Amino acid sequence: SIGKDFYDRDLLRLVDFYVLHSPCKVSSYSPMTLDRLGWKNPWRSSCFRDAFDEVTGFVDGVNFIYVESKNHFLEKWNDLEYNFPADCNNEYAVFVKAGESNPRMDLLHRIRNSLAHGRFTAVRKNGEFYISMEDVTELQGLNGLYVVARICLKKSTLINLLEFFERKSDKAKQLKSLHIID
């Protein structure tokens, strides 16, 4: 049991941002796009992408693994040494393309689906909540659901990312040239 500490104001903020008003145009009914949050074409900037990776601690090909095809997800997953969801000691994201504008937005899409559809669990380790998330889809001609994402992130990382997108973090403030307004 994770206890009442998990169900706090921060969790409500996460649900509001990642589920109800996700920046994802493909999966969100009422998206809060990055331009509405005051960003000017941020994904075109390597500084923005680098800042995103710094906030999450992601390294392409190491703990941020983007798979182009649903057919190759399990093959890629089986090559890794993660025991999902029990082995959520390190943050990682292994996921399939979701049709958003770029791999990092595809990740937000997968996080949104995982939270929105209740396909997540949390565990407290060393004073941090680690959230294990999984996204699934149906594949034509196959019975059942097919895994398209497995993600483990700290609750604090999701909050830090939210504050980055909302331009409240120091890292976001350093990227003033990408702000539409101040």
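Residues numbered from 1 in each chain as written. Predicted model: local features only at pLDDT ≥ 70, side-chain atom pairs only at ≥ 80, totals over all residues. Heavy atoms only, no water.

Q: Explain the packing of helix 2 (residues 46-56) against helix 5 (residues 155-165) to me, please; I cannot follow it from the model alone.
A: Each pair of packed helices can be described by the angle between their axes along with the distance between the axes. Closest axis-to-axis distance for the helix 2/helix 5 pair is 9 Å, and the angle between their directions is 155°. It follows from the interaxial angle that helix 2 and helix 5 lie roughly antiparallel. You can see that helix 2 and helix 5 cross each other, and the crossing is right-handed. Each of Phe48, Ala51, Phe52, Val55 and Thr56 in helix 2 lies in contact with helix 5, whose residues at this interface are Thr157, Asn160, Leu161, Phe164 and Phe165. For the contact of helix 2 with helix 5, a count of residues per class yields seven nonpolar, three polar and no charged. (Axes fitted to C-alpha atoms, helices over the stretch in contact; angles between N-to-C directions. Helix = DSSP H or I, 4+ residues; strand = E, 2+ residues; numbered from the N terminus. Parallel < 35°, antiparallel > 145°, perpendicular 65-115°, else oblique. Left-handed = near helix turned anticlockwise from the far one by under 90°. Contact = heavy atoms within 4.5 Å. Nonpolar A, V, L, I, M, F, W, Y, C, P; charged D, E, K, R; others polar.)

Q: Would you take a moment to explain the pattern of salt bridges for this structure?
A: Two side chains with opposite charge may pair up if their charged atoms get near one another. Under the definition given, this model contains 13 salt bridges. Among the ionic pairs, Glu166 bridges to Arg13, the shortest N-O distance being 3.7 Å. Of the two residues, Glu166 sits in the loop between helix 5 and helix 6 (170-173) while Arg13 sits in helix 1 (residues 9-20), which places them 153 residues apart along the sequence. Look at Glu166 and you get partly exposed, because its relative accessible area is 27%. Residues Arg119 and Glu134 are paired through a salt bridge, measuring 2.7 Å at the closest nitrogen-oxygen approach. (Salt bridge = Lys/Arg side-chain N within 4 Å of Asp/Glu carboxyl O. Buried < 20%, exposed > 50% of the residue type's maximum accessible area, 1.4 Å probe, protein only.)

Q: Explain the side chain of Lys155 here, please?
A: Here Lys155 lies in helix 5. The buried category is assigned to Lys155, whose relative accessible area is 6%. When near neighbours in sequence (up to four residues on either side) are disregarded, Lys155 contacts Asp5, Phe6, Asp8, Asp10, Leu11, Leu14, Phe129 and Ile131.

Q: Any chance you could explain helix 1 here in plain terms?
A: Along an α-helix, residues three or four positions apart point the same way, because every turn accommodates 3.6 residues. Taking 1.5 Å per residue, 12 residues should reach 16 Å; helix 1 reaches 15 Å between its end C-alpha atoms and fits that length. Among all positions of helix 1, only Leu11, Leu14, Phe17, Tyr18 and Val19 are buried. Down the axis of helix 1, the sector holding all buried residues measures 165°, keeping them to one side. Exposed residues on helix 1 whose side chains face more than 90 degrees from its buried face are Arg9 and Leu12. N-cap assignment for helix 1: the residue whose side-chain oxygen lies 3.2 Å from the backbone N of Asp10 is Asp8. (Expected span 1.5 Å × (residues − 1). Arc of directions from axis to C-beta. Polar contact = N/O pair within 3.5 Å; in protein donor to acceptor, adjacent residues only side chain to side chain.)

Q: Any chance you could explain the packing of aromatic side chains here in plain terms?
A: Each aromatic ring pair is described using two quantities: the centre-to-centre distance and the angle formed by the ring planes. In this structure the tally under the stated criterion is 20 aromatic pairs. Seen from their ring centres, Phe64 and Phe95 are 5.3 Å apart, and the 70° between their planes marks the pair as edge-to-face. Of this pair, Phe64 sits in strand 1 (residues 64-67) while Phe95 sits in strand 2 (residues 92-96), and the two are 31 residues apart along the sequence. Across the pair, Phe95 and Phe64 agree in class, each one buried. Directly above the aromatic system of Trp77 lies the positively charged group of Arg150, at a separation of 5.0 Å from the ring centroid. The ring of Phe6 is capped by Lys155, whose NZ or CZ atom sits 4.7 Å from the centre of that ring. (Phe/Tyr/Trp six-rings, centres within 6.5 Å; stacked < 30°, edge-to-face > 60°. Lys NZ or Arg CZ within 6 Å of the ring centre and 35° of its normal.)

Q: Help me understand helix 2 in this model?
A: For helix 2, the complete set of buried residues consists of Phe48, Ala51, Phe52, Asp53, Val55 and Thr56. Looking at the buried side of helix 2, the elements it contacts are helix 4 (103-116), helix 5 and helix 6. Of the residues flanking the start of helix 2, the one acting as N-cap is Ser45, its side-chain oxygen 3.1 Å from the backbone nitrogen of Cys47. In the segment just after helix 2, Gly57 is the residue with positive phi, at about 80°.

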